[in-house]
Amino acid sequence: FFFNDTATTEIYTQAFVGSVRCVQETGINAEYMGLFVSRMYSGRDKIVKKKDEKTTETEDEVAKAFFELENTNVEGGVEGIKKVKFTKAEYVSEGENKVLLIVVPFPLYTYVKKNFATISNYLAGKFKVPVFLVAQRTILSKYEKRKGSQKRPMSRTLTSVHDAFLEDIIYPFEIIGRRLRVKTDGTQIHKIHLKEDDRKNAEGKLAALALIYKKLTKKILSFEFVKALAEEKRKKKKKEAKKQAPKACLLYTSPSPRDQRGSRMPSSA
């Protein structure tokens, strides 16, 4: 194997030698093993597709990048990374902004979060663009017919799925507030409040975040950095105001069952 990068050439060569030894020692069918090895080296086993669905050039490149990452020595190990697969990978561009979107099956997204820094940093360095990994989610219409009294899960509603997409692309940053601004022409802008402490790391990614969210949901985002202390004070004041607000109380008195005796008023009254 010969690649432009010496380290990549060494990775593929070592993996091939190991596969040949496996065939010799175990006596596995060479033809079957050859097919398996070819799929492994191309990274094709990292892509989850339907039987007749073809992969794109971008998806093949991302799959190879995952294979190379699995065979490198990274801090924390690669056990979780080996379990990560994806269903779709595509470039999203608008003007000068260009990002790489990777969609991961929902059950496997847990491994992405556990190894998020390793995966995102490696892929961003390899493809020279911001990389976003989101979980694959399905939106169910409220008008869709269901069996018997079965109800639509809240996690499958349009609002819940869009909120989940936002959490995925914002990660590892934390959202501390949200507002919806409606212009006179009816245009809606979702304003997201982030911590002031995250400004240094997040400020350069805001345009890419807005672009990828617009691709996923057709909604417009804007960002604002807010001091966490000020936000906490505002919430604390709101809670105190609720506690101090006067509460209406209706007093109702009724005779006790023990007061069944006659009146204590004098008979002359």
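Residues numbered from 1 in each chain as written. Predicted model: local features only at pLDDT ≥ 70, side-chain atom pairs only at ≥ 80, totals over all residues. Heavy atoms only, no water.

Peer 1: I'd love a proper account of helix 9 (residues 206-217), names of residues and values included.
Peer 2: With 12 residues, helix 9 extends 16 Å from end C-alpha to end C-alpha; this agrees with the ideal 16 Å at 1.5 Å per step. Listing the buried residues of helix 9 in full gives L206, A208, L209, L211, I212, Y213 and T217. (Helix = DSSP H or I, 4+ residues; strand = E, 2+ residues; numbered from the N terminus. Expected span 1.5 Å × (residues − 1). Buried < 20%, exposed > 50% of the residue type's maximum accessible area, 1.4 Å probe, protein only.)

Peer 1: I'd like to hear about the pattern of salt bridges, residue by residue, with values.
Peer 2: According to the stated counting rule, one finds 12 salt bridges in the structure shown. Here K49 makes a salt bridge to E59, at a shortest N to O gap of 3.0 Å. A residue pair is termed long-range when its members are at least 10 positions apart, and K49 in the loop between helix 2 (30-42) and helix 3 (57-70) and E59 in helix 3 qualify at 10 residues. For E59, a relative accessible area of 2% gives the class buried. Linking D168 and R137 is a salt bridge whose minimum nitrogen-to-oxygen distance equals 2.5 Å. Of the two residues, D168 is situated in helix 7 (residues 158-170) and R137 in the loop between strand 3 (131-135) and helix 7; the sequence distance between them amounts to 31 residues. Overall, D168 belongs to the buried group, its relative accessible area being 4%. A residue is classified by how much of its surface remains accessible, and R137, at 24% relative accessible area, is partly exposed. What you see here is one network of salt bridges that share partners, running through K49, E53 and E59. (Salt bridge = Lys/Arg side-chain N within 4 Å of Asp/Glu carboxyl O.)

Peer 1: Any details on the packing of helix 7 against helix 9? Residues and values, ideally.
Peer 2: Contact geometry of helix 7 with helix 9 gives a least axis separation of 10 Å together with a crossing angle of 150°. Between helix 7 and helix 9, the angle is such that the two are roughly antiparallel. Here helix 7 and helix 9 pass one another in a crossing that is right-handed. Together, H162, F165, L166, I169 and I170 of helix 7 and L209, I212, Y213, L216 and T217 of helix 9 make up the contact between the two elements. (Axes fitted to C-alpha atoms, helices over the stretch in contact; angles between N-to-C directions. Parallel < 35°, antiparallel > 145°, perpendicular 65-115°, else oblique. Left-handed = near helix turned anticlockwise from the far one by under 90°. Contact = heavy atoms within 4.5 Å.)

Peer 1: So what's going on with the packing of aromatic side chains? Which residues, and what values?
Peer 2: Applying the stated rule across the entire model yields two aromatic pairs. Aromatic side chains F66 and F86 sit 5.9 Å apart centroid to centroid with 25° between the ring planes, which places their arrangement in the stacked category. A residue pair is termed long-range when its members are at least 10 positions apart, and F66 in helix 3 and F86 in the loop between helix 4 (79-82) and strand 1 (88-94) qualify at 20 residues. Like F86, F66 is buried. Seen in terms of ring centroids, F116 and Y171 are 5.2 Å apart; in terms of plane orientation they differ by 85°. Their pairing is edge-to-face. In this pair, F116 sits in helix 6 (residues 116-127) while Y171 sits in the loop between helix 7 and strand 4 (175-182), placing the two residues 55 residues apart along the sequence. (Phe/Tyr/Trp six-rings, centres within 6.5 Å; stacked < 30°, edge-to-face > 60°.)

That's the geometry; what it means functionally is another story.
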